[in-house]
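Now for the letters of each chain:
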Amino acid sequence: MDLIKAVQGGDKQAFHLLYQQYIGQVYALCYRLTAEKMLAEDAAQEVFIQLWRKIANYQGDSKFSTWLHAVTSNITISYLRKQRGWLYRMTNFEDSPAVNDLAEGSSATVDIESYVLRLPERARLVFVLHAIEGYRHEEIATMTNMAVGSSKAQFHRAKQLLQEWMGYE
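Our subject in this report is the structure included herewith. Predicted model only: the values in this text are computed from it and were never measured.

## Comments concerning unusual backbone geometry
- Even without a glycine there, the phi angle at Ala 35 is positive, about 65 degrees.
- Relative to the helices and strands, Ala 35 resides in the loop between α2 (12-34) and α3 (37-54).
- On the accessibility criterion, Ala 35 (1% relative accessible area) is buried.
- At Asn 145, a position not held by glycine, the phi torsion is positive, near 60 degrees.
- Tracing the backbone shows Asn 145 in the loop between α9 (137-144) and α10 (148-165).

The following block contains the structure:
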């Protein structure tokens, strides 16, 4: 908490320490949401830029990591919207570097995370936020500007695709 207070006070060295402490977690969530290394790197950088600007908004009502997680999710989703249109990304997910990397990799090294990266964007976002990160569909609907029913439908779609790809039909 002293580190957070130092950052809130404008201490750049403290911010650098905060960055080093949380970049791994932030990048991992960004990557799960974007499914592309370059987009995840850019989104993670955007998170820390916004964090520097808005650290004063953190009041200490929850753990910092919990607050940062919500901030990271929101910023990454916004970042995705700015980078490409939803329709373009949904129809061209097969062209993403992550999917191409999977196709070139050994089948023995493919795990659930690899399958999640193959999901169409909206289904992947909902699946990651609900199943992995623990958000409720109402929260996801607010974060992604979709109806609660759409969030549930995308989650169901993601589960079906994952089961099909993993041979659990």
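## What about the layout of surface pockets?
- If you add up the space inside the largest pocket, you get close to 210 Å³.
- Taken together, Glu 46, Gln 50, Leu 51, Lys 54, Asn 57, Trp 67, Val 71, Asn 74, Ile 75, Ser 78, Tyr 79 and Lys 82 form the lining of the largest pocket.
- Looking at the lining of the largest pocket, the elements that each hand over two or more residues are α3 and α4 (64-83).
- A per-element tally of the lining of the largest pocket places α4 first, with 7 residues.
- When the residues that make up the lining of the largest pocket are grouped by side-chain class, the tally is 5 nonpolar, 4 polar and 3 charged.

## Thoughts on the packing of helix α8 (residues 121-132) against α9
- Running from N to C, α8 and α9 cross one another at 140 degrees; their axes reach a closest spacing of 10 Å. Judged on the interaxial angle alone, α9 and α8 are oblique. Where α8 crosses over α9, the two elements pack in a sense that is right-handed. When α8 is examined against α9, the residues Val 126, Leu 129 and His 130 are found in contact with a partner set consisting of His 137, Ile 140, Met 143 and Thr 144.
- Considering only residue class, the contact of α8 with α9 consists of 4 nonpolar, 3 polar and no charged.

## A look at α9
- By the burial criterion, the buried members of α9 are His 137, Ile 140, Ala 141, Met 143 and Thr 144. Burial along α9 is one-sided: seen end-on, the buried residues are contained in an arc of 165 degrees.
- On its buried face, α9 is in contact with α4, α8 and α10.

Criteria and cut-off values
- Residues numbered from 1 in each chain as written.
- Predicted model: local features only at pLDDT ≥ 70, side-chain atom pairs only at ≥ 80, totals over all residues.
- Heavy atoms only, no water.
- Helix = DSSP H or I, 4+ residues; strand = E, 2+ residues; numbered from the N terminus.
- Buried < 20%, exposed > 50% of the residue type's maximum accessible area, 1.4 Å probe, protein only.
- 1 Å grid on protein atoms, 1.4 Å probe; cavity = no way out; pocket = protein on both sides within 12 Å on 5 of 7 lines; lining within 4 Å.
- Points joined across faces, edges and corners; volume = space filled by probe spheres on them.
- Nonpolar A, V, L, I, M, F, W, Y, C, P; charged D, E, K, R; others polar.
- Axes fitted to C-alpha atoms, helices over the stretch in contact; angles between N-to-C directions.
- Parallel < 35°, antiparallel > 145°, perpendicular 65-115°, else oblique.
- Left-handed = near helix turned anticlockwise from the far one by under 90°.
- Contact = heavy atoms within 4.5 Å.
- Arc of directions from axis to C-beta.

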